[in-house]
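Okay, here's what each chain looks like letter by letter:
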Amino acid sequence: MSLQWHEYASKDELDHQLAETIAQALAAAIAARGQASAAVSGGRTPAGMFKALSEKDIDWSRVSLTLVDERWVPVAHADSNERTVRQNLLVNRAAAARFVSPVSAADTPHAGQAEIEARFATLPQPFDVLILGMGDDGHTASLFPEAPELEAACASTALVAAVTPPVAPHRRITLTLPTIAKAREVIVHITGEGKKALLHTALTEDKPVTAQYPIRRVLDAVAGEKHVFWAA
Ligand SMILES: O=C1O[C@H](COP(=O)(O)O)[C@@H](O)[C@H](O)[C@H]1O
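Residues numbered from 1 in each chain as written. Predicted model: local features only at pLDDT ≥ 70, side-chain atom pairs only at ≥ 80, totals over all residues. Heavy atoms only, no water.

## Some thoughts on the overall build of the protein
Broken down by element type, the protein carries eight helices and 10 strands. Principal axes of the C-alpha set define a box for the protein whose edges measure 45 × 40 × 35 Å. Among the 232 residues that make up the protein, the fraction classed as buried is 54%. Partitioning the intrachain contacts of the protein with sequence separation of at least 6 by distance along the chain shows that 73% fall at a separation of at least 24. On the protein, the mean spot of the 22 positive side-chain charges and the mean spot of the 27 negative ones are 3 Å from each other. (Helix = DSSP H or I, 4+ residues; strand = E, 2+ residues; numbered from the N terminus. Buried < 20%, exposed > 50% of the residue type's maximum accessible area, 1.4 Å probe, protein only. Contact = heavy atoms within 4.5 Å. Lys, Arg positive; Asp, Glu negative; His and termini not counted. Charge placed at Lys NZ, Arg CZ, Asp CG, Glu CD.)

Here is the structure:
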């Protein structure tokens, strides 16, 4: 399926349109299967969209939520993606959703991986909707270029993988590429001219697969619906 681009005049409009799109996907999943699941990204980009989504009038008690990746830090840490979700998404109507945490008290994601794998196995899969961010290095989820675990995480039969980013702070836990690629609908949520140009480069550069940006590897593998939501 081809990648569909959606561009908006402002970040505020992007946040509201994306929140509406996600809410409709979750409502359709509940209507079809009695339950819905979504995996969202962390970082700085999604907070406004989370707030808009948290107010949507859907049956949140039938929705399971998690993160596509997490920095291996306590939830109270300023860099925690779960903290961002708890503060901005698991509020208002969406407070009724079930949230599966991607971190544990283990010292490292490598030590905690089996526990997170077991937790994620309880989520309805494939995910009905999965939101990806993208870093300035072309990483998505926590699939980082040149991470020692990257190739294994791109070929794994597991749901999650532990990753050591070569430059970015904190070890990570991430959905594996095959887990992401199976989602019914994958949406890339990015802002700014720089990320738009980087995504265009990533999608058009002719390189061997192992040298491609992780965002390209993921999007090439997605068989279902795939979209980019962007605003400057
Ligand atoms: O480290 C991460 O970065 C990406 C991009 O974050 P942003 O701040 O540039 O929006 C994010 O998608 C990912 O979930 C996060 O762990």
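## Focus: the UniProt feature "domain: Glucosamine/galactosamine-6-phosphate isomerase" (unreviewed entry) in the protein
When the UniProt feature table is mapped to this numbering, "domain: Glucosamine/galactosamine-6-phosphate isomerase" (unreviewed entry) covers residues 10–219. Between the end C-alpha atoms of residues 10–219 there is a gap of 25 Å, over a span that is 38% helix and 16% strand. (UniProt positions renumbered as here; feature names shortened; annotations may be inferred.)

## A few points about helix H3 (residues 81–88)
Buried residues of H3: Asn-81, Glu-82, Thr-84, Val-85 and Asn-88, and no others. All buried residues of H3 project into a common sector of 160° when viewed along the axis, lining one side. Of the surrounding secondary structure, the elements contacted by the buried residues of H3 are strand S2 (36–40), helix H2 (47–54), strand S3 (63–67), strand S4 (69–71) and strand S5 (98–99). Its side-chain oxygen 3.2 Å from the backbone nitrogen of Glu-82, Ser-80 forms the N-cap of H3. (Arc of directions from axis to C-beta. Polar contact = N/O pair within 3.5 Å; in protein donor to acceptor, adjacent residues only side chain to side chain.)

## Topic: the packing of aromatic side chains
Going through the model one piece at a time under the given rule, you end up with one aromatic pair. Lying over the aromatic face of Trp-230, Lys-196 brings its terminal NZ or CZ to 4.4 Å of the ring centre. Taking the ring centre of Tyr-213 as reference, the NZ or CZ of Lys-207 above it sits at 5.7 Å. (Phe/Tyr/Trp six-rings, centres within 6.5 Å; stacked < 30°, edge-to-face > 60°. Lys NZ or Arg CZ within 6 Å of the ring centre and 35° of its normal.)

## Some details on the packing of helix H7 (residues 193–204) against helix H8 (residues 214–221)
Running from N to C, H7 and H8 point in directions that differ by 60°, and their axes come no closer than 9 Å. Taken together, the axes of H7 and H8 are oblique relative to one another. Like other packed secondary-structure pairs, H7 and H8 cross with a definite hand, here right-handed. Taken together, the residues of H8 that come into contact with H7 (itself represented by Leu-199, Ala-202, Leu-203 and Thr-204) are Ile-215, Arg-216 and Leu-219. Of the residues that constitute the contact of H7 with H8, the class distribution is five nonpolar, one polar and one charged. (Axes fitted to C-alpha atoms, helices over the stretch in contact; angles between N-to-C directions. Parallel < 35°, antiparallel > 145°, perpendicular 65-115°, else oblique. Left-handed = near helix turned anticlockwise from the far one by under 90°. Nonpolar A, V, L, I, M, F, W, Y, C, P; charged D, E, K, R; others polar.)

## Re the site of the ligand
By nearness alone, 13 residues border the ligand, and Arg-44, Thr-45, Asp-69, Arg-71 and Lys-195 come closest of all. His-139 places a side-chain nitrogen or oxygen 3.2 Å from an oxygen atom of the ligand. In this structure, an oxygen atom belonging to the ligand sits 3.0 Å away from a side-chain N or O atom of Arg-172. Against a free-state accessible area of 390 Å², the protein chains account for coverage of 94% of the ligand. Here the ligand occupies the largest pocket. Its residues assigned to classes, the shell around the ligand shows one nonpolar, seven polar and five charged. (Near = heavy atom within 4 Å. Areas by Shrake-Rupley, 256 points an atom, 1.4 Å probe, with all protein chains shown as cover. 1 Å grid on protein atoms, 1.4 Å probe; cavity = no way out; pocket = protein on both sides within 12 Å on 5 of 7 lines; lining within 4 Å. Sits in = over half its atoms within 2 Å of the grid points.)

## A look at the sheet that holds strand S8 (residues 172–175)
Across the sheet, three strands lie side by side as S4-S8-S7; this open sheet has antiparallel pairing. Looking at the sheet topology across the chains shown, the edges are occupied by S4 and strand S7 (160–163). Ignoring strand direction, the axes of neighbouring strands in this sheet form an average angle of 15°. Of the strand pairs in this sheet, S7 and S8 are connected by four bridges, and their pairing is antiparallel. (Pairing = 2+ DSSP bridges.)

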